[in-house]
Amino acid sequence: MKQKIWILLSLFLLSASLHAEKVIYVHGMSLTESNEACQDKTVCAYWKVPPVGDYVYVGYDGRRNPFVSDSSGGSVRLLQMLNKYCRKDQGKSCRLIDDSLGGFTGAGTVSMYNKTGIYNILYATQIVSAEGGSEIANLGDTAIDILKVVFNIQGGLGDALIQSRDAIQSLVTTSARSLFDHNRNNGTLFYHLAAKKSIFIADPFLPGEDDSLVAFHSSCGYRSVGAFSKCMGEKIRSCALCFWETPKLITPWDGHYMHPLVPITGLDIPHAEGHNDVKYHGVP
C-alpha cells in the first residue's frame with residue numbers, strides 16, 4: 001500500500017513539474033549595450049531585483065527594433081523561449097513579465113505569432129509598457145538627450161546611446177500602433193502597471209500623465225493616443241483646447257486591464273523604477 005501511495009505521489013509531482021508555469025522576463029531598451037547574454041538564464045544585469053519562482057530571462061539586443069528578423073532580435077529571442085517553455089501541445093504553460101520596450105515586444109509577438117494558440121501564455125504583466133509607442137521617440141535624435149537625463153547617463157556612455165536609434169525609431173507612436181493588431185491578444189490577458197512621476201524635460205512632449213518616457217495612452221494600453229489622467233477608460237477631447245468637442249470615451253485594447261495592485265491613477269514612480277518591485281510582477 002505504501003508503495004502504491006509513493007508511486008501515485010511521484011506521478012503527481014512529475015505531472016506538476018511537467019505542467020509548471022514558467023515565468024519569462026522580457027527586458028526593455030538596453031540603451032548602451034546588448035543584453036543577449038541573458039537569454040535563457042536566471043541572472044541578468046537589467047533586472048535589479050532577483051525574481052522568485054520558476055523564471056527565465058529573454059536576452060536580446062535592446063538597442064534595435066525588437067522585430068528585426070535576425071538572431072539578436074527581441075521577438076526572435078522571445079519565440080525561442082515560448083517554443084521551449086510554453087507549448088500547449090507539450091502540456092506547458094507560461095506567463096510574461098514585460099518591461100518598457102519589452103511591453104511592445106511581448107504584445108507584438110503574442111499578436112502576430114500565437115494566432116493558432118500553439119503557446120499557452122496565461123497572461124502578461126505590462127510594466128511601464130511602451131506598447132503604444134512614445135512621443136519621445138517621435139522627437140528623433142532629441143530622444144537621446146532626454147534618455148541621458150532620465151537615466152543620468154554621462155560621458156562616453158551617453159555617446160553610446162546613438163546605437164539605440166533603431167529601437168527608439170520603432171517606438172514612434174504611429175509605427176508602434178500600426179505594426180500589429182493590438183486587440184488581437186489570442187487568449188493572453190495583459191495587466192498594466194502605469195507610472196506617473198515625470199521630469200520637466202519630458203513633460204512638454206508627452207500628453208497627459210507620463211513617467212518621463214511613456215505617456216498613459218501607451219502604459220495603460222489605450223486604443224488611441226491622447227492626454228489621459230487615469231487608466232482603463234476615460235472621456236477626452238482630441239486636444240486640450242478643443243472645448244467645442246463632446247468628450248469621447250476611449251477604452252483600452254481588448255484583453256488589456258489594470259494590474260489589480262495598481263490604482264487607475266498609476267504609481268508615483270519614474271519609468272526606470274517600474275520593474276524594481278517584485279510584488280507587481282505577478283497578478284494575485
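Residues numbered from 1 in each chain as written. Predicted model: local features only at pLDDT ≥ 70, side-chain atom pairs only at ≥ 80, totals over all residues. Heavy atoms only, no water.

This paragraph deals with the side chain of serine 129. Along the polypeptide, serine 129 turns up in the loop between strand S4 (121–127) and helix H4 (135–138). If near-sequence neighbours (up to four positions away) are discounted, serine 129 is found in contact with Ser100, Gly103, Phe104, His192, Leu193, Val214, Ser218 and Ser219. (Helix = DSSP H or I, 4+ residues; strand = E, 2+ residues; numbered from the N terminus. Contact = heavy atoms within 4.5 Å.)

Time to look at the state of the cysteines. The full count for this structure, using the stated rule, is three disulfides. At a sulfur-sulfur separation of 2.2 Å, the disulfide partner of cysteine 38 is cysteine 44. Judged by the torsion about the S-S bond (80 degrees), the cysteine 38/cysteine 44 disulfide is right-handed. Residue class for cysteine 38 comes out buried when judged on its relative accessible area of 6%. Across the disulfide from cysteine 86 sits cysteine 94; the S-S distance is 2.1 Å. Judged by the torsion about the S-S bond (115 degrees), the cysteine 86/cysteine 94 disulfide is right-handed. Judged by its relative accessible area of 0%, cysteine 86 falls in the buried class. For cysteine 94, a relative accessible area of 0% puts it in the buried group. (Disulfide = S-S within 2.5 Å. Buried < 20%, exposed > 50% of the residue type's maximum accessible area, 1.4 Å probe, protein only.)

This part takes up the pairing of strand S3 (residues 93–99). Across the seven residues that make up S3, a large majority, seven, are buried. Burial of the side chains of S3 extends over both faces: Ser93, Arg95, Ile97 and Asp99 are buried on one face and Cys94, Leu96 and Asp98 on the other. Looking at chain direction, strand S1 (residues 21–26) and S3 are connected through six bridges and run parallel. Across the sheet, residue valine 26 finds its bridge partner in S3, namely aspartate 98. Summarising the sheet, S3 and S4 pair through five bridges and their orientation is parallel. Its bridge partner lying in S4, leucine 96 is registered against alanine 124. After leaving S3, the chain enters helix H3 (residues 101–113) and then returns to the sheet as S4, a path that is right-handed. (Pairing = 2+ DSSP bridges. Right-handed = clockwise from strand over helix to strand, strands pointing away.)

The topology assignment puts arginine 177 in helix H8 (residues 173–178). The side chain of arginine 177 sits in the buried core without any salt bridge; glutamate 135 is the nearest counter-charge, 6.7 Å away. A distance of 2.9 Å separates polar atoms of two side chains, one belonging to arginine 177 and the other to histidine 217. Apart from the residues lying within four places of it in its own chain, the contact partners of arginine 177 are Gly132, His182, His217, Ser218, Tyr222, Arg223, Ser224, Val225 and Trp253. (Lys, Arg positive; Asp, Glu negative; His and termini not counted. Salt bridge = Lys/Arg side-chain N within 4 Å of Asp/Glu carboxyl O. Polar contact = N/O pair within 3.5 Å; in protein donor to acceptor, adjacent residues only side chain to side chain.)

Generally, phi is negative for residues other than glycine and the peptide bonds are trans, each holding for most cases. Even without glycine at this site, aspartate 40 takes up a positive phi of about 60 degrees. Among the structural elements, aspartate 40 can be located in the loop between S1 and strand S2 (55–58). The phi dihedral of methionine 232 falls on the positive side, at around 75 degrees, and the residue is not glycine. Secondary-structure assignment places methionine 232 in the loop between helix H9 (216–219) and strand S6 (234–236).

The strand order S2-S1-S3-S4-S5-S8 describes an open sheet built from six strands, whose pairing is parallel. Edge positions in the open sheet fall to S2 and strand S8 (256–258), since each of these has one partner strand only. Averaged over all pairs of adjacent strands, the angle between their axes in this sheet comes to 25 degrees, without regard to strand direction. Examined bridge by bridge, S1 and S2 share four bridges and lie parallel to one another. The partner of valine 23 across the bridge, within S2, is tyrosine 55. The strands that helix H2 (residues 74–85) touches are S1, S2, S3 and S4; relative to S2, the one it contacts most, it runs at about 155 degrees. Against the sheet, H3 engages S1, S3, S4 and strand S5 (189–193), with an angle of about 145 degrees to S3. (Axes fitted to C-alpha atoms, helices over the stretch in contact; angles between N-to-C directions.)

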